[in-house]
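The residues making up each chain are set out below.
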Amino acid sequence: PLAEDCTYLACDVLQPMIDFLNAFFESYRINGQAFACDLTSCIPNEHVQVAFLLKTLPLLDQIDKTLSRRLLEGIQAEHILVSYPAKSLGGRSKGMPANYTTAFYRLIEGLNFKVEAFTFPTEIAFLLSRWNMDQAEFEAIIEHTRKSRKYRELNLPEETLQDMLTAEAALGGSKAEVTQRFRK
C-alpha cells in the first residue's frame, strides 16, 4: 500500500495532458506533479515506489524495439505495472493477449523481476517487482552450486548457471526459497 503522504509523479510527451493532470491534482488536492518527458530520449530519474506503464510499451516498440527494455532496466521503481491492450479499438481480440504475453516474457528475459500477471476484459497487465539480490549473494550461490556433485556431473557453463538463477529469481519468493529451488 502507498503511504498517505505519497507524491504522485506523472510524465507525458503532450502538454495538454500535462496541464490536465496538474489541474486534476490541484482540484482534488492530490500531492502530485505532471511534467514533460519524452521516453524515447530520456528516462525519469526519480526513485518511486511504483511506476505505471499502461499501454505504453507497444507505442514505444513502434518507434524503436529497444526502448521498452531500456525503460524497464532504467526506471527507478520498486514495482512497475505494465499493461497491453487485449482488444483492438474495434473490440476484437485478434490474438492480442497471447501475442503480447509472449512478447512481454521475451522482453524481460534475463532481468531480475518477480512477475505477476493479470487479465482483464480489455487489458492484460504484469506487475514487475524488483528482486534485489546483490552481486555478492548471486556469486555466492553460483560458487556453492559449482562445488556440488550435481554440478560437476552436469558440467554446465557458468553462463547457463547465471541464466538459471536469474530465471528462478524471476519466479519470486524469498532469497532462501529462490536459492533452494535453484540448487535442486
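Hey, could you go over the overall build of the chain for me, with residue numbers and the actual values?
For the chain, the helix and strand inventory stands at eight helices and six strands. N-terminal to C-terminal, the α/β element order of the chain is β-α-β-β-α-α-β-α-β-β-α-α-α-α. Expressed as lengths along the three principal axes of its C-alpha atoms, the size of the chain is roughly 65 × 40 × 30 Å. Sequence separation of 24 or more characterises 60% of the internal contacts of the chain that already satisfy a separation of 6 or more. Roughly 12,000 Å² of accessible area belongs to the chain as shown, and the carbon and sulfur atoms make up 54% of that amount. The centroid of the 20 positive side-chain charges in the chain is displaced by 9 Å from the centroid of its 24 negative side-chain charges.

So what's going on with unusual backbone geometry? Which residues, and what values?
Phi at arginine 29 is positive, roughly 50°, even though this residue is not glycine. Summarising the element assignment, arginine 29 is placed in the loop between helix 1 (15-27) and strand 2 (32-36). Of the residues examined, arginine 29 reaches a relative accessible area of 79% and is grouped as exposed. Unusually for a residue other than glycine, lysine 55 sits at a positive phi of about 55°.

Quick one: what's the story with helix 1, residue by residue and with numbers?
Owing to its 3.6 residues per turn, the α-helix aligns residues three or four sequence positions apart on the same side. In this model, helix 1 (13 residues) spans 18 Å end to end at C-alpha, consistent with the 18 Å of a helix rising 1.5 Å per residue. Buried within helix 1 are the following residues: Ile18, Leu21 and Phe25. The arc enclosing the buried residues of helix 1, seen along the axis, measures out at 65°, which places them on a common side. Turned more than 90 degrees from where helix 1 packs its buried face, Pro16, Phe20, Glu26 and Ser27 sit exposed. Buried residues along helix 1 sit in contact with strand 1 (8-12) and strand 2. One or two positions beyond helix 1, positive phi appears at arginine 29, with a value near 50°.

Tell me about the environment of arginine 152, and please be specific about residues and values.
Topologically, arginine 152 is positioned in helix 6 (residues 149-154). C-alpha separation for the pair arginine 152 and alanine 34, spaced 118 residues apart in sequence, amounts to 55 Å.

Explain the environment of lysine 147 to me, and be specific about the residues and the numbers.
Looking at the secondary structure, you find lysine 147 in the loop between helix 5 (135-146) and helix 6. Lysine 147 sits in the exposed class, given a relative accessible area of 58%. Note: C-alpha distance between lysine 147 and leucine 107 (40 residues apart in sequence) is 32 Å.

With reference to specific residues and values, describe the packing of aromatic side chains.
Any pair of aromatic rings gets described here by the distance separating the centres and the angle formed by the planes. According to the stated counting rule, one finds eight aromatic pairs in the structure shown. Considering the side-chain rings of phenylalanine 24 and tyrosine 28, the 4.8 Å spacing of their centres and the 35° angle between planes classify their relative orientation as tilted. Look at tyrosine 28 and you get exposed, because its relative accessible area is 58%. Both rings, one in phenylalanine 104 and one in tyrosine 105, keep their centres 5.5 Å apart while their planes meet at 75°; by these two values the pair is edge-to-face.

Give a description of the pattern of salt bridges that names residues and reports values.
Counted by the stated rule, this structure contains two salt bridges. One salt bridge in this structure joins arginine 70 and aspartate 64, with 4.0 Å as the shortest N-O distance. Glutamate 73 serves as the salt-bridge partner of arginine 69, at 3.4 Å between the closest nitrogen and oxygen. A residue pair is termed a helical-turn pair when its members lie 3 or 4 positions apart in one helix, as arginine 69 and glutamate 73 do in helix 3 (residues 67-74) at four residues. Under the relative-accessibility criterion, arginine 69 is labelled partly exposed at 26%. Note on glutamate 73: relative accessible area 44%, which makes it partly exposed.

Cut-offs used in this document
Residues numbered from 1 in each chain as written. Predicted model: local features only at pLDDT ≥ 70, side-chain atom pairs only at ≥ 80, totals over all residues. Heavy atoms only, no water. Helix = DSSP H or I, 4+ residues; strand = E, 2+ residues; numbered from the N terminus. Contact = heavy atoms within 4.5 Å. Areas by Shrake-Rupley, 256 points an atom, 1.4 Å probe, with all protein chains shown as cover. Lys, Arg positive; Asp, Glu negative; His and termini not counted. Charge placed at Lys NZ, Arg CZ, Asp CG, Glu CD. Buried < 20%, exposed > 50% of the residue type's maximum accessible area, 1.4 Å probe, protein only. Expected span 1.5 Å × (residues − 1). Arc of directions from axis to C-beta. Phe/Tyr/Trp six-rings, centres within 6.5 Å; stacked < 30°, edge-to-face > 60°. Salt bridge = Lys/Arg side-chain N within 4 Å of Asp/Glu carboxyl O.

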